[in-house]
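The residues making up each chain are set out below.
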Number of protein chains: 6
Amino acid sequence: MLGGVPGVAPGNVVILGGGVVGHNSAKMAVGLGAAVTIIDRSLDRLRALDDIYSSQVVTLASNVFNVRDAVRHADLVVGAVLIPGASAPKLVRREMLKTMKPGAVMVDVAIDQGGCFETSHATTHTDPIYFVDGVLHYCVSNMPAAVPHTSTYALTNATFPYLAELCAKGLRQACEDNAAIRAGVNTYAGHITYPGVAESQGLAWSELRALL
Amino acid sequence: MLGGVPGVAPGNVVILGGGVVGHNSAKMAVGLGAAVTIIDRSLDRLRALDDIYSSQVVTLASNVFNVRDAVRHADLVVGAVLIPGASAPKLVRREMLKTMKPGAVMVDVAIDQGGCFETSHATTHTDPIYFVDGVLHYCVSNMPAAVPHTSTYALTNATFPYLAELCAKGLRQACEDNAAIRAGVNTYAGHITYPGVAESQGLAWSELRALL
Amino acid sequence: MLGGVPGVAPGNVVILGGGVVGHNSAKMAVGLGAAVTIIDRSLDRLRALDDIYSSQVVTLASNVFNVRDAVRHADLVVGAVLIPGASAPKLVRREMLKTMKPGAVMVDVAIDQGGCFETSHATTHTDPIYFVDGVLHYCVSNMPAAVPHTSTYALTNATFPYLAELCAKGLRQACEDNAAIRAGVNTYAGHITYPGVAESQGLAWSELRALL
Amino acid sequence: MLGGVPGVAPGNVVILGGGVVGHNSAKMAVGLGAAVTIIDRSLDRLRALDDIYSSQVVTLASNVFNVRDAVRHADLVVGAVLIPGASAPKLVRREMLKTMKPGAVMVDVAIDQGGCFETSHATTHTDPIYFVDGVLHYCVSNMPAAVPHTSTYALTNATFPYLAELCAKGLRQACEDNAAIRAGVNTYAGHITYPGVAESQGLAWSELRALL
Amino acid sequence: MLGGVPGVAPGNVVILGGGVVGHNSAKMAVGLGAAVTIIDRSLDRLRALDDIYSSQVVTLASNVFNVRDAVRHADLVVGAVLIPGASAPKLVRREMLKTMKPGAVMVDVAIDQGGCFETSHATTHTDPIYFVDGVLHYCVSNMPAAVPHTSTYALTNATFPYLAELCAKGLRQACEDNAAIRAGVNTYAGHITYPGVAESQGLAWSELRALL
Amino acid sequence: MLGGVPGVAPGNVVILGGGVVGHNSAKMAVGLGAAVTIIDRSLDRLRALDDIYSSQVVTLASNVFNVRDAVRHADLVVGAVLIPGASAPKLVRREMLKTMKPGAVMVDVAIDQGGCFETSHATTHTDPIYFVDGVLHYCVSNMPAAVPHTSTYALTNATFPYLAELCAKGLRQACEDNAAIRAGVNTYAGHITYPGVAESQGLAWSELRALL
């Protein structure tokens, strides 16, 4: 029980990455009463989180020392380091698991980009967990599918305006008018147009504007 | 997902009873971002909860009208009406279930005192749920067993001081010195000494002090 | 009484638009203890409001379904959709009023840009309200005049620095040095220089920089 | 506008009395963003309010020095000193009004017990205000009538349980069983049974138990 | 710097005792952004603190295991265990100091009752600190004298009402009318009348009421 | 004692400048329970602070009237107006000190840029304070040195990523790749390359890019 009760210490939750996923994880963990630590590379991001949560979370700059020390005391580690279109870095190395509490839990939300724990491999909603060195791993691909109602509305809220513009204008015009749509094109006319994808596949990429 | 995300409405959580269990349920539901309503008979209790949660919860006086109306819009109903030593009243009647959202969830924490929903019957951790009129019921006996680590510490924190005093002084002396221990004695020398137990069994009870 | 008291449900306040006006309305409604819903087109804006208010407000993406559903349960609807220099969109259609609670209140803060309710028309501080389908409308032009003390300081805080720069440098130089002043020029030398104004009047506009 | 806006100082609200009325006034004033000071005789009450509001309110022990100093800087003074069944003390003396800001507002919620400002006299919802030394007085009898919907529910929540018990048992038996009902009896069989009423009328009183 | 800054972990503050002194220490430590743990024997007290501070403090039941573990990770330990009129128990034993961080700080607010650390001895405002096993001790007698302005007002607020009653009525009558004054009498007519004082001095005590 | 205690008014803290330093000062002062006023030129900054602190701070637009009025009632004034690379403006003039409370404290965090009080001059950690007109001045150069542990981590968090890039790439390449490093170069090849430094020294400056 992450939040504990008065008189019993709450669980330690360590969240790697303070972006949208990490922030939402922190919000829920704080809400349940856990002791929450967020680790991120960006000091600006940590300052923003500190403004929102004040003494309810500990914010730490991301480096090997801080990750190792935080993971060692954690009851739950959430890997939420997402680099759009690129592979996630392996922040928790295999040897760190030996220092963790037996029965601790690691959830790798970055699994769809390859995961941010060295020991992560994708699992499914029907067979979601496995153990490495006594540490429980939950690395389900397409995690939002577990809450289909909320996920569908959230995804639709975010994507419908682009869809409406694409339908009304067609792809070429929509790309010319709207930088956000342009930025979302991964391939066009047989070329990779998104640098992160090209890099993760070891291929070349082309500037979309030159292809339109 | 009870708390929703920005842009998607959160779930409605209705908690019947604002005592320790209801309060802790509300704390977690608020923490997750749900829209929380607490219904209790005691205005003093509702005022105290309003002081703590302010505009984060709606507090309602307990009466048939408010229960019926709240249950109708609920995604989750938590039954947490516990009357020490006595059977819980049946606040949610069977006919109210027909007005509820399909797929709504009801959790009856009072199940160990008989439950506070008319449609509750005790289930187990291995086969925990059943449906009535399309509404999911979770009525597991001894619910705290699901979080054994926290429960054990919490229970020990609460009971150990009494245990220590009983060991040191013996039952008779401990009862004479400590009103809280005296109040916890259910039977003594073959007599029921706790009015709530006597009433629920239809038996007579005796004053403990007279028996010591 | 919007906020209710412990034991009595608070009023439902629906705020259309999460900009400065909508945010301040929400802050006051939350402060008074009301159940507040904010509807906005921008998910980023909703996320920012969710960071500030957490489980104290419900944030909803703006679409016809959400507006219609929210308005139906509202005790107070605040129209705060302001598009600088352009007419406000009519988010609440006349037919939605028939579904509202009798005696509900609608306040159209966007009235100076034409209003964001279909049934809005400008009123005055001396005769401020009228009813349509049993719903009270408050659509006073120049609403801030009701709190002249605060409004005057707030307006002066915002405008005095520009005024000082205009006095010190003259219009032409101030426009060249300061993009914010440039952006505030509506007409210059007989030409409309602000696109929103030109569009709402059906006239052509000129680039200010070309005229200086 | 009590709460100010960013960049403009909020109004100073001084609340005399930290009981239910004063607490609710403080909650709303804090919610609107005002700078709130609560003055009460009971340090325990001030500690409880400080726990709830922390640095959002200033709590001051009630004495002539603190009242005089607080009133002098106030934009709004709320008199909420209610002594059940007895006349309210006159905490704000007439000579203090001369030191107040012109246009300041005084609301005497204790008016139904005679008021807690020396210059208070009861007014009505149709002609609610008057000025003394340039200070606006609002001293309407039966103030809750201005919010009849909320007041009716709140009053019914508080009184219905007693009413139900009185109907079921009759007055004599209800008084014997329930100390709260007993405490609410003002007269019985031609005798005053409530000390506060007797004192405020200069009459003798009798112990209810002796009369039953 | 107890509170840390975004990106740097805050200090760990452990507070022994959740009464008025411990609560105020916690309030300040939380306010500064520290990671705060409060240890107390009373679960009711811990629940009340948890209601106020929620996930901003960790509450732990007082036992040797919890004290030892908390002290080991602390940057600051505040001893605030006060038992009115009696000696404070020695919660931090000398051998625990060897496990503490070098440079950690211990403040014994209970020093005027003998202190609640085994290694405490009273110091003065002019020579306030000393080291044991590398741990800094601050055990100044009459600590409130460091903030004379606030202390004087606070003490006067608390004591003046009793003083006024004593002056008006004389000691005997004031004791008869007011249980709080009666409870504060330590000696009367040559007899100790306060059990805690008698116990700490190894002397007998007399019931005040019998002496009046 | 800045925060007061329940029943005793807290101290007034006035913070000039709402940037990182001012914000952190406000956070601690609010945390301690003080009555906090922040004065800044930027309305956007004040709005952001108001979102975070709501009714816990008063925000005021910076002008001579507001500074003078706020300073007059202050117990502590924190000067935190930092303009990168340039001298701080003198916001508190000498004549304002005569209106201040005797014993008030002024801390000039901007002292390393010359200070933002007219009466500031740099002092040291060994002889940190002096008085002007009865007002205590604390103007220690390199103030962060008082909390070396936190400062070192904070500074390293902020600077290490640049250092790593400089080591890996050399100065010229790092400047070409990273605008933030480029912006931090004060002199290069004998030329001043930072406009603020040039201006404060009355010297000319060169564009770094032209020198690379």
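The rules behind these values
Per chain, the residues get numbers from 1 upward, laid out in the order the sequence is written. Chain letters and ligand numbers both follow the written order, the letters beginning at A and the numbers at 1. Side-chain atom pairs in this predicted model are given and counted only at pLDDT of 80 or more, local residue features only at pLDDT of at least 70, and totals for whole chains, interfaces and linings cover all residues. Side-chain numbers here rest on the full set of heavy atoms in the structure, without hydrogens or water. Helix and strand definitions follow DSSP, with helices as H or I runs of at least four residues and strands as E runs of at least two, each counted in order from the N terminus. Accessible area is worked out with a 1.4 Å probe on protein chains only. A residue is then buried under 20% of its type maximum, exposed over 50%, and partly exposed in between. We get accessible surface area from the Shrake-Rupley algorithm with a probe of 1.4 Å; when it comes to residues, only the shown protein chains can shield them. Within this scheme the basic residues Lys and Arg register as positive and the acidic residues Asp and Glu register as negative, but His and the chain ends are omitted. Positions of charges follow a simple convention, taking NZ of Lys, CZ of Arg, CG of Asp or CD of Glu. We superpose the copies by least squares over the C-alpha atoms of residues that have a pLDDT of at least 70 in both of them. Residues are treated as being in contact if the distance between any of their heavy atoms lies within 4.5 Å. Each residue after the first adds 1.5 Å to the expected span of a helix. The reported bend at a residue is simply the angle between two axes, fitted to the 7 residues ending at it and to the 7 residues beginning with it. Buried area, as used here, totals the accessible surface that two parts lose on assembly, with accessibility defined by a 1.4 Å probe and the loss added over both. Put simply, a salt bridge is a Lys or Arg side-chain nitrogen that is within 4 Å of an Asp or Glu carboxyl oxygen. By the criterion applied in these results, polar contacts are pairs of N or O atoms within 3.5 Å in which, for protein atoms, one can donate a hydrogen and the other can accept it, and in which residues neighboring in sequence qualify only through two side-chain atoms. As a working rule, the residues Ala, Val, Leu, Ile, Met, Phe, Trp, Tyr, Cys and Pro are called nonpolar, Asp, Glu, Lys and Arg charged, and the rest polar, with Gly in that last group. Here, a strand pair is defined by DSSP locating no fewer than two bridges between the strands. A fitted line through C-alpha atoms represents every axis, and for helices the fit uses only the stretch in contact; the resulting angles, taken between N-to-C directions, go from 0 to 180 degrees. Throughout, the term roughly parallel applies to angles under 35 degrees, roughly antiparallel to angles over 145, roughly perpendicular to angles from 65 to 115, and oblique to all others. For any pair of crossing helices, the crossing counts as left-handed if the nearer helix is rotated counterclockwise from the farther one by less than a right angle, and right-handed if it is rotated clockwise. By definition, the arc is the one covered by directions from the helix axis to the C-beta atoms. Disulfide: a pair of cysteine sulfur atoms within 2.5 Å of each other.

Caption draft 1: Looking closely at the overall build of chain A. Helix and strand counts for chain A stand at 9 helices and 9 strands. In terms of principal-axis extent, the alpha carbons of chain A reach across some 60 × 35 × 35 Å. Buried positions account for 44% of the 212 residues belonging to chain A. Carbon and sulfur atoms make up 58% of the accessible area of chain A, which totals about 10,300 Å². Charge centroids of chain A, computed over 15 positive and 17 negative side chains, lie 2 Å from each other.

Caption draft 2: Representation of the relation of the copies chain A and chain E within the structure. Once turned by 180 degrees and shifted 0.0 Å along the axis, chain A lies on chain E with an RMSD of 0.0 Å. The superposition operator between the copies reduces to a two-fold rotation axis. No C-alpha of chain A approaches the rotation axis more nearly than that of Gln56(A), which lies at 2.5 Å. Of the residues that chain A buries at the interface, 100% are likewise interface residues in chain E, meaning the two copies contact each other through the same surface.

Caption draft 3: Seen up close, helix α5 (residues 148-169) of chain A. End to end, α5(A) covers 30 Å across 22 residues, agreeing with the expected 32 Å (1.5 Å per residue, within 8%). Along its length, α5(A) shows its largest kink, about 45 degrees, at Thr159(A), and proline Pro161(A) lies within four residues downstream of that point. Structurally, α5(A) contributes buried residues whose contacts are with α6 (171-177) and α7 (179-183) of chain A together with α2 (43-53) and β3 (57-61) of chain C. Just beyond α5(A), the residue with positive phi is Gly170(A), at close to 85 degrees.

Caption draft 4: Examining the arrangement of the chains more closely. Chain D makes no contact with chain A, the minimum C-alpha separation between the two being 15 Å. Contact between chain C and chain E is absent, and the least distance between their C-alpha atoms amounts to 15 Å.

Caption draft 5: Expanded view of the interface of chain F and chain A. The interface is formed by 5 residues belonging to chain F together with 5 residues belonging to chain A. Buried area between chain F and chain A, both sides added, is near 510 Å², and the carbon and sulfur share of it is 54%. Together, Lys27(F), Ile52(F) and Asn157(F) form the three largest contributors to the area buried by chain F at its contact with chain A, with a combined 69%. Where chain F meets chain A, there are 2 salt bridges. The salt bridge partner of Asp50(A) is Lys27(F), with a shortest N-O separation of 2.3 Å. Remark: the boundary between chain F and chain A carries 2 residue pairs in polar contact (both at pLDDT 80 or more). Breaking the side of chain F that touches chain A down by element, the ones donating at least two residues are α1 (20-32) and α5 (148-169) of chain F. In the side of chain F that touches chain A, the residues fall into 2 nonpolar, 2 polar and 1 charged.

Caption draft 6: Structural detail: the pairing of strand β4 (residues 76-79) of chain D. Residue and element names in this part refer to chain D. Here β4 shows two buried faces, one formed by Leu 76 and Val 78 and the other by Val 77 and Gly 79. As judged from the 4 bridges shared by strand β1 (residues 12-16) and β4, these two strands associate in the parallel manner. In the sheet register, Val 14 faces β4, and the bridge partner there is Val 77. Sheet analysis places β4 next to strand β5 (residues 105-108), joined by 4 bridges and oriented parallel.

Caption draft 7: The arrangement of the interface of chain A and chain E in detail. On the chain E side, the residues contacting the 19 residues of chain A number 19 residues. Buried area between chain A and chain E, both sides added, is near 1,300 Å², and the carbon and sulfur share of it is 61%. Of all residues in chain A, the largest losses of buried area upon contact with chain E belong to Pro6(A), Gly7(A) and Ser55(A), amounting jointly to 42% of the total for that side. Seen at the junction of chain A and chain E, the total is 0 salt bridges. Taken together, chain A and chain E are joined by 9 residue pairs in polar contact (both at pLDDT 80 or more). Counting only elements with at least two residues in the side of chain A that touches chain E, the list comes to α2 (43-53) and β3 (57-61) of chain A. For the side of chain A that touches chain E, the class distribution of residues is 12 nonpolar, 5 polar and 2 charged.

Caption draft 8: Molecular detail of the environment of Thr156(E). Within the element layout of this structure, Thr156(E) appears in helix α4 (residues 148-177). One polar contact links the side chain of Thr156(E) to the main-chain carbonyl oxygen of Thr152(E), over a distance of 2.6 Å.

Caption draft 9: The sheet that holds strand β3 (residues 57-61) of chain D, seen in detail. All names here are of chain D. Spatially, the 7 strands line up as an open sheet ordered β3-β2-β1-β4-β5-β7-β6, and their pairing is mixed. The strands lining the two open edges of the sheet, one partner per strand, are β3 and β6 (129-132). Between one strand and the next, the sheet's axes are offset by a mean angle of 20 degrees, whatever the strand orientation. Each of β2 (35-40) and β3 touches helix α2 (residues 43-53); the most contacted strand, β3, lies at about 170 degrees to it.

Caption draft 10: The arrangement of the pattern of salt bridges in detail. By the definition in use, this model includes 60 salt bridges over all chains. Two residues, Asp51(D) and Lys27(E), come together in a salt bridge whose shortest N-O distance is 3.8 Å. Taken together, the residues Asp51(D) in helix α2 and Lys27(E) in helix α1 (residues 20-32) connect one chain to another. According to the relative accessible area criterion, Asp51(D) is partly exposed, its value standing at 24%.

Caption draft 11: Quick look at the sheet that holds strand β4 (residues 76-79) of chain E. All names here are of chain E. Strand order in the open sheet made by the 7 strands is β3-β2-β1-β4-β5-β7-β6, with mixed pairing throughout. Edge positions in the sheet fall to β3 (57-61) and β6 (129-132), since each of these pairs with one other strand and no more. Shown here is a sheet whose adjacent strand axes are inclined to one another by a mean of 20 degrees, direction ignored.

Caption draft 12: Inspection of the side chain of Thr150(A) at higher detail. With respect to the helices and strands, the residue Thr150(A) is situated in helix α5. Excluding its chain neighbours within four sequence positions, the residues that come into contact with Thr150(A) are Met1(B), Gly4(B), Val5(B) and Val8(B).

Caption draft 13: Fine view of the packing of α1(F) against helix α2 (residues 43-53) of chain F. Residues and elements named next belong to chain F. The geometry of α1 relative to α2 is characterised by a closest axis approach of 12 Å and an angle of 25 degrees between their N-to-C directions. In this view, α1 runs roughly parallel relative to α2, as classed from their interaxial angle. As for the relative orientation of α1 and α2, their crossing is right-handed in sense. Residue-level contacts link His 23, Lys 27 and Val 30 of α1 to Arg 45, Leu 49, Ile 52 and Tyr 53 of α2. Tallied by class, residues from the contact of α1 with α2 come to 4 nonpolar, 1 polar and 2 charged.

Caption draft 14: Focus on the relation of the copies chain F and chain A. With an RMSD of 0.1 Å, the operation that places chain F on chain A is a rotation of 120 degrees combined with a shift of 0.0 Å along the axis. Classification of the inter-copy transformation places it as that of a three-fold axis. Among all residues of chain F, the minimum C-alpha distance to the rotation axis is found for Ile52(F), at 4.0 Å.

Caption draft 15: The arrangement of helix α3 (residues 64-72) of chain D in detail. Residue and element names in this part refer to chain D. Every buried residue of α3 is listed here: Asn 66, Val 67, Ala 70 and Val 71. Down the axis, α3 shows its buried residues gathered within 120 degrees of arc, on one side only. Turned more than 90 degrees from where α3 packs its buried face, Val 64 and Phe 65 sit exposed.

Caption draft 16: Structural view of the state of the cysteines. Residue and element names in this part refer to chain B. Inspection of the entire model under this criterion finds 0 disulfides over all chains. Here Cys 116 is not cross-linked by a disulfide; its sulfur's nearest cysteine counterpart is in Cys 139, at 9.0 Å. Residue class for Cys 116 comes out buried when judged on its relative accessible area of 0%.

Caption draft 17: Spotlight on unusual backbone geometry. In this model, Ser54(B) sits at a positive phi of 45 degrees, which is unusual for a non-glycine residue. Mapped onto the fold, Ser54(B) is located in the loop between α2 (43-53) and β3 (57-61). Overall, the relative accessible area of 29% leaves Ser54(B) in the partly exposed class. The phi dihedral of Asp133(D) falls on the positive side, at around 55 degrees, and the residue is not glycine.

Caption draft 18: Spotlight on the environment of Arg72(A). Residue and element names in this part refer to chain A. Position of Arg 72 relative to the elements: it lies in helix α3 (residues 64-72). Note: C-alpha distance between Arg 72 and Lys 101 (29 residues apart in sequence) is 7.0 Å. Among residues more than four places away in sequence, those in contact with Arg 72 are Thr 99, Met 100 and Lys 101.

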